[in-house]
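What follows is each chain in one-letter form.
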Amino acid sequence: MRAQVNYNNTFSERHDLQVLVGAERRKVVTSQNGFYRLGYDDQTLVYSEINALDLNQMLRGTQSIYGTFSFKNKTPGFSHVDNRYVSFYGNASYTLDNRLTVNGSIRIDQSNLFGTDPKYQYKPLWSVGAHYVLFQNKTNWLDRLVLRATYGINGNVSKKNGPYLIAAADRNNYFTNESAFYIKSPANPSLRWEKTQVTNIAVDFNLFQNRLNGSVEFYNKKSSDLLGDFSTDPTLGWSSMLMNFASLYNRGVEIVLNSENIKTNEFSWTSTFIFGYNKNKVLEVETSDESAYSYYSKLNTRKNYAMNSMFSVRYAGLDENGIPTAYNKNGEIVKSADLLTKEDLVYSGTYEPRFNASFTNRLSYKGFDLSFMFIYAGGHVMRDVKAGRLIAQHPIYRTSNADRDLMNYWKSAEDNNNPDINPAFAFQNQAAMKAKDLWSAADKHVQKGDYIKLRDVTLGYTIPPHLLKKYMIQGIRLNVQIQNLWYWAANRNNLDPEVWNGSSLSPSRGSHLPANVTFGLSVNF
C-alpha cells in the first residue's frame, strides 16, 4: 500500500520545481514446502510408505559394506518468511534556466531488525546534489562541460540476526519422535544500521562536436558499523555472531571515455575506455585473535590496512637439512612457526584489485561488424601454488592428482643452491612439520595478480534488407563470438588469476577458462 503526493510547477520560464512525498507499507511472504519419498512411480503418481522411525535405528547384518544400515530422512523441510516494512520518503528538485539543478532526497525505513533501542531504529537515509552546466557550445572544440557533486548517507541491515534470540524448529528426533529446536542466532539488542557516507565530485564533457565524450568522477566513501561475523567465546553457546564491528573508507576515481574515431557513409569505428582505481583502509575493527597464525593463514581485516590484506613470513631459505627457516623482526633465524608473533610478519598487499579497466572497440563496414573488448585488473597479490609444495603426508595417501613439481623436493645439501627447490620430505619429520607454515606463508611465494584478457571478440554480418523482401523476411544476422581468446598474467607461472585461488596456505591453480566459441543466427519475419 502506497500513498504519494506529487507537485510540479514551472514559473517565469526560468524556474522548475518538482516535489514528491509519500509513505509505503509492504508485506512480503515467502513459503516453501519440500518432500522426500521412496519408491515413487511417475506413471501412477504413487510412492511406498516406510516407517522412518524404525529404519533410523541401526540395522545390523545387512549387505552393505559395513554390514549396517541407518535411514536418514532427506526431506528438505518447510520455510515461511514474513517481511514487513513501513517507509516514509521525500524528494525535491529545483532547476534554474536549465543550467543549475539542485536536488535532495530522504527516506526512513522502520523495522525491529535494527535493535530494541529506539536510537538505532530511526535513522534517515538522505542525499543532496547539484548539477551545473559550466559551458554549452561556447567554442569550436568544447561542446559541453558539466560539474556534478553529491553527498549522502545510505545504509544496510542484515536479516541473519535480530534483537532477540531466534530459535528454529528442526526435524523430529528419530529416537523420541518429538520436535527439536536449535538456536539459529543469539540476541543482539545493539544491532545498528550499516552506514556509508558518500561524497562524489564529477566532471562530464563533450568535445569536438561530440566526437569525444566522457566523465571523470572522484568518490570518497566512509562506512561505519559494518556488519560481519565476529568470533566469540564458544562457552557462551556459539563460536561467532553477527555484529557491528568495523569501519573503513574507500577512495578512488572512475574515468569513462567514448570516442568516435572514424565516421563515413560505409565505415565507422568507435571506442569506449573505462578505468577505475580504488583504495580502501580499515579505520576501526574489533578483533579477537592476534596470533601470528591468524594473520598469515588467511585474508585479514585489520586496522590501518586494506580489506582482505595478506601477511607473510620473512623467508630465510632452507637449512642444512632442507627445513624451511624464517627471520623474526630482529633478523634472527627461527625454525618453528610457533615462535613467530604478528610483529615478525610482513604486509604483502591486498587480495582485491586496486585497478580495473576495459577497452572496447566497435568497427562496422557495410553489413559487417566487429567488436572486441580487453579487460585489465591489477594492483593486488596472490599466493603462488608453490606454497603448497611440502610433502606433509606420505604420497600413498594421496587420492587426487598432484602437481609434478611436488616431487622436486630437497634431498641433499647440494639442493640448497637451487632457489626453486621444495623443502625436504616432511612426513613423520617433526622439525619439518613445525616449520611447515614458514614455507607455506613465505613472502617469496607472493605473486602479482595483474592480468590482461581479450574477453570478447564478436564478428557479425547483417544481410541487406532489400535482398530479403521477396522472401517475406525482415532481417537475417549471422555472428560468431569468441570469449577468453587470450590472456597475459604477471605471475611467473602464467596462472589465470580469475580461477587461481591464492588466498590461503594451500593455493590451487584452478581450471583455466578455455576459449568459448558461439555461433549465432537471428531471423526476423
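Residues numbered from 1 in each chain as written. Predicted model: local features only at pLDDT ≥ 70, side-chain atom pairs only at ≥ 80, totals over all residues. Heavy atoms only, no water.

1. Quick word on the overall build of the chain
As a reminder of what qualifies: Only DSSP runs of H or I reaching four residues or more are called helices, and only runs of E reaching two or more are called strands; each is numbered from the N terminus. Two things to know: the radius of gyration comes from C-alpha atoms, and the globule rule equals 2.2 Å times the number of residues to the power 0.38. Relative accessibility under 20% of the residue-type maximum defines a buried residue, over 50% an exposed one, and the middle range a partly exposed one, all with a 1.4 Å probe and only protein chains included. Only heavy atoms matter for contacts: two residues are in contact if any of them lie within 4.5 Å across the pair. Exposure was quantified through the Shrake-Rupley algorithm and a 1.4 Å probe, taking into account, for residues, occlusion by the shown protein chains and nothing else. Charge convention: Lys and Arg are scored as positive, Asp and Glu as negative, and His as well as the terminal groups of each chain are ignored. Lys charges are placed at NZ, Arg charges at CZ, Asp charges at CG and Glu charges at CD.
When its secondary structure is counted, the chain shows five helices and 28 strands. Its C-alpha atoms give the chain a radius of gyration of 31 Å, more than 25% over the compact-globule value 24 Å for 525 residues. Principal-axis analysis of the C-alpha atoms places the extent of the chain at approximately 85 × 65 × 65 Å. Expressed as a percentage of its 525 residues, the buried residues of the chain come to 35%. Of the contacts made within the chain by residues no fewer than 6 positions apart, 63% connect residues no fewer than 24 positions apart. Element-wise, carbon and sulfur atoms account for 54% of the exposed surface of the chain, whose accessible area totals about 32,000 Å². On the chain, the mean spot of the 57 positive side-chain charges and the mean spot of the 47 negative ones are 4 Å from each other.

2. Focus: the packing of aromatic side chains
Our working definition: Put simply, two rings from Phe, Tyr or Trp (the six-membered ring, in Trp's case) pair if the centres are within 6.5 Å, and we call them stacked under 30 degrees between planes, edge-to-face over 60, tilted for the rest.
Evaluated as defined, the whole model comprises 14 aromatic pairs. Geometrically, the ring pair formed by Tyr-409 and Phe-425 is tilted, given 6.0 Å between the ring centres and 40° between the ring planes. A residue pair is termed long-range when its members are at least 10 positions apart, and Tyr-409 in the loop between strand E24 (381-383) and helix H4 (430-434) and Phe-425 in the loop between E24 and H4 qualify at 16 residues. Residue class for Phe-425 comes out partly exposed when judged on its relative accessible area of 29%.

3. Description of the side chain of Ser-358
If you trace the backbone, Ser-358 turns up in strand E22 (residues 355-365). Dropping the residues within four chain positions of it, Ser-358 is found in contact with Thr-272, Phe-273, Ile-274, Phe-374 and Ile-375.

4. A closer look at the pairing of strand E17 (residues 309-312)
Rule in force here: Here, a strand pair is defined by DSSP locating no fewer than two bridges between the strands.
Of the two faces of E17, the one lined by Ser-309 and Phe-311 and the one lined by Met-310 and Ser-312 are each fully buried. In this structure, E17 lies alongside strand E21 (residues 346-350), joined through four bridges in antiparallel fashion. In the strand pairing of E21, Ser-312 is matched with Val-346.

5. Re the nonpolar core
Test applied: The term nonpolar core refers to a set of buried residues drawn from Ala, Val, Leu, Ile, Met, Phe, Trp, Tyr and Cys, joined through side-chain atoms within 4.5 Å.
Core analysis: the biggest nonpolar cluster contains 25 residues, and Tyr-296, Val-313, Leu-340, Leu-345 and Leu-438 have the highest contact counts within it. Secondary structure elements with two or more residues in this core: helix H3 (292-296), strand E18 (314-318) and helix H5 (436-440). For this core, the leading source of residues is H3, giving three residues. Excluding residues that lie within four positions of it along the chain, Leu-340 makes contacts with Ala-292, Val-313, Tyr-327, Val-334, Leu-345 and Leu-438. Met-310, Tyr-351, Met-382 and Trp-500 belong to the second-largest nonpolar core, a separate cluster that totals eight residues.

6. Here we look at the pattern of salt bridges
Basically, it comes down to this: The salt bridge definition used is simple: a Lys or Arg side-chain nitrogen within 4 Å of an Asp or Glu carboxyl oxygen.
All told, the structure shown has 20 salt bridges when counted by the stated rule. A salt bridge links Lys-335 to Asp-319; the nearest nitrogen and oxygen atoms lie 3.4 Å apart. Pair noted here: Lys-335 is in the loop between strand E20 (333-334) and E21 and Asp-319 is in the loop between E18 and strand E19 (324-327), with a separation of 16 residues, a long-range link. In this structure Asp-319 comes out as buried when scored by relative accessible area, which is 9%. Salt bridges linked by common partners bring Arg-2, Glu-24, Arg-26, Arg-107 and Asp-109 together as one network.

7. Re the sheet that holds E18
Across the sheet, which stays open at both edges, the three strands sit in the order E18-E19-E20 with antiparallel pairing between neighbours. Here the strands that pair on one side only, and so sit at the sheet edges, are E18 and E20. Pairing between E19 and E20: two bridges, direction antiparallel. By the bridge assignment, Tyr-327 is partnered in E20 with Ile-333.

8. Digging into the environment of Pro-324
Looking at the element boundaries, Pro-324 is found in strand E19. Apart from residues lying up to four places away in sequence, Pro-324 is in contact with Tyr-315, Gly-317, Leu-318, Lys-335, Leu-390, Pro-423, Ala-435, Leu-438 and Trp-439.

9. Here we look at a nonpolar patch on the surface
Applied cut-off: Patches were defined on residues exceeding 30% relative accessible area and lacking a salt bridge, with like-charge contacts within 9 Å and nonpolar side-chain contacts (Val, Leu, Ile, Met, Phe, Trp, Tyr) within 5 Å.
Nonpolar side chains collect at one region of the surface, where Tyr-132, Leu-147, Ile-201, Val-203 and Phe-218 lie side by side and expose about 420 Å² of accessible area between them. Within the secondary structure layout, Ile-201 lies in strand E13 (residues 194-207).

10. Remarks on the side chain of Ser-215
Within the element layout of this structure, Ser-215 appears in strand E14 (residues 212-231). Setting aside residues no more than four positions away along its own chain, Ser-215 makes contact with Arg-148, Val-203, Asp-204, Phe-205, Glu-254, Ile-255 and Val-256.

11. Regarding the environment of Ala-316
Here Ala-316 is to be found in strand E18. Between the C-alpha atoms of Ala-316 and Ala-392, which are 76 residues apart in sequence, the distance is 20 Å. Sequence-distant contacts of Ala-316, that is, excluding residues within four places in its chain, are made with Thr-325, Ala-326, Tyr-327 and Ile-333.

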